[in-house]
Amino acid sequence: MRLILATHNPDKRKELEAILRAEMDGTVEILTLDDIPVGEIEETGETLEDNALLKARAVFEETGIPAVADDTGLEVKALGGAPGVYSARYAGEGATYEANVRKLLQELGGTEERQASFISVIAFCEIEKEAQIFRGEVHGKIAYEPRGTNGFGYDPVFIPGEPGDRTYAELSPEEKNENSHRGKAMRLFAKFLHSQLVVEQH
Ligand code: ITT
């Protein structure tokens, strides 16, 4: 089957593609918004679920190809769950990753309460008005300063707890995908796709 990754973020796309290729073993052809361009989609939802559904539905309706979207948020306990659904624009509309990280560290200051969770919601839409949702969470903490050069976004300051005390940005891409919020949600999605492909074969 063919499916299209409904994201304009090239860093997320790279991870989604790598996880899907590893899990689906050549059984799906993966297209991106580079293959079939779709206009910017405004994320007007109030939850990760709303925004993931909104993106998957919009891309499916425009392309007619089964669409997978990912909406991700970092929830920091001491900040009452912020930046959450606003993670991409925490330091303002169009903010860079660095500016968002800087603001997060500023807001936290020296507090020892550093607990945080990364949450990915994957939405899959292949039939009009219907959609499936898959969720992956990782509980960890925020470092006092950025460490590491891999990954993207808040990776230099998120310590997942496993493996060890490294930030996501200090893990190899394979290590991150194995245990990450996105990896967990995508593996649930891959399991669903496998079960569907088995049904189709009978
Ligand atoms: P699309 O909506 O086009 O997919 P986006 O960048 O707006 O791209 P999100 O709203 O899901 O996507 O992402 C929110 C932000 O959270 C994102 O811009 C990054 O700064 C950050 N983020 C998402 N996944 C992350 C990850 O695995 N590691 C670190 N930061 C991440």
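Higher on the page you've got the structure.
Residues numbered from 1 in each chain as written. Predicted model: local features only at pLDDT ≥ 70, side-chain atom pairs only at ≥ 80, totals over all residues. Heavy atoms only, no water.

A. Inspection of the overall build of the chain at higher detail. Along the chain, the regular secondary structure elements total five helices and seven strands. Secondary structure elements of the chain occur, N-terminal to C-terminal, as β-α-β-α-β-β-α-β-β-β-α-α. Rg of the C-alpha trace for the chain: 17 Å, near the compact-globule value of 17 Å for 202 residues, within the 12% margin. Principal axes of the C-alpha set define a box for the chain whose edges measure 55 × 35 × 25 Å. If you sum the accessible surface of the chain, you get close to 10,100 Å²; carbon and sulfur atoms cover 48% of it. (Helix = DSSP H or I, 4+ residues; strand = E, 2+ residues; numbered from the N terminus. Rg over C-alpha atoms; globule rule 2.2 N^0.38 Å. Areas by Shrake-Rupley, 256 points an atom, 1.4 Å probe, with all protein chains shown as cover.)

B. Spatial organisation of the packing of aromatic side chains. What the rule picks out here adds up to eight aromatic pairs. Members of the aromatic cluster, each reached through a chain of ring pairs, are F124, F134, F189 and F192. Above the plane of the ring of Y144 lies R114, whose end atom (NZ or CZ) is 4.0 Å from the centre. Above the face of the Y168 ring, K176 is positioned so that its terminal group lies 5.1 Å from the ring centre. (Phe/Tyr/Trp six-rings, centres within 6.5 Å; stacked < 30°, edge-to-face > 60°. Lys NZ or Arg CZ within 6 Å of the ring centre and 35° of its normal.)

C. Structural detail: the layout of surface pockets. Taken as a whole, the largest pocket encloses approximately 830 Å³ of empty space. At the level of elements, α1 (10-24), β3 (67-76), α3 (97-108) and α5 (181-201) are the ones that each hand at least two residues to the lining of the largest pocket. Tallying contributions element by element places β3 first for the lining of the largest pocket, with three residues. Of the residues in the lining of the largest pocket, the class split is 12 nonpolar, 10 polar and 11 charged. Of the volumes computed, that of the second largest pocket is approximately 210 Å³. (1 Å grid on protein atoms, 1.4 Å probe; cavity = no way out; pocket = protein on both sides within 12 Å on 5 of 7 lines; lining within 4 Å. Points joined across faces, edges and corners; volume = space filled by probe spheres on them. Nonpolar A, V, L, I, M, F, W, Y, C, P; charged D, E, K, R; others polar.)

D. Molecular detail of the environment of D50. Position of D50 among the secondary structure elements: in helix α2 (residues 48-63). Taking the C-alpha atoms as reference points, D50 and S195, separated by 145 residues in sequence, lie 25 Å from one another.

E. Structural detail: the pattern of salt bridges. In this structure the tally under the stated criterion is 15 salt bridges. In this structure, the salt-bridge partner of R135 is E137, at a minimum N-O distance of 3.0 Å. Judged by relative accessible area, which is 37%, R135 ranks as partly exposed. A salt bridge links D155 to K176; its shortest N-O distance comes to 2.9 Å. Taken together, the residues span a long stretch of sequence, with D155 in the loop between β6 (130-142) and β7 (158-159) and K176 in helix α4 (residues 173-179) at a distance of 21 residues. Side by side, D155 and K176 carry an identical accessibility label, which is buried. When salt bridges with common partners are traced through the structure, they connect K12, E15, D70, D155, K176 and R182 into a single cluster. (Salt bridge = Lys/Arg side-chain N within 4 Å of Asp/Glu carboxyl O. Buried < 20%, exposed > 50% of the residue type's maximum accessible area, 1.4 Å probe, protein only.)

F. Up close: the site of the ligand. Around the ligand there are 20 residues in total, and T7, K12, E43, K55 and D155 lie nearest to it. Contact distances for the ligand include 2.9 Å between an oxygen atom and a backbone N or O atom of T72. Take Y154: an N or O atom from its main chain is 3.1 Å from a nitrogen atom of the ligand. Look at the ligand: alone it shows 600 Å² of surface, and the protein chains cover 92% of it. According to the grid-proximity analysis, the pocket containing the ligand is the largest pocket. Ranked by residues supplied to the shell around the ligand, first place goes to β3 with three residues. Along the lines of polarity and charge, the residues of the shell around the ligand split into five nonpolar, seven polar and eight charged. (Near = heavy atom within 4 Å. Polar contact = N/O pair within 3.5 Å; in protein donor to acceptor, adjacent residues only side chain to side chain. Sits in = over half its atoms within 2 Å of the grid points.)

Take it as geometry only, folks, not as evidence of what the structure does.
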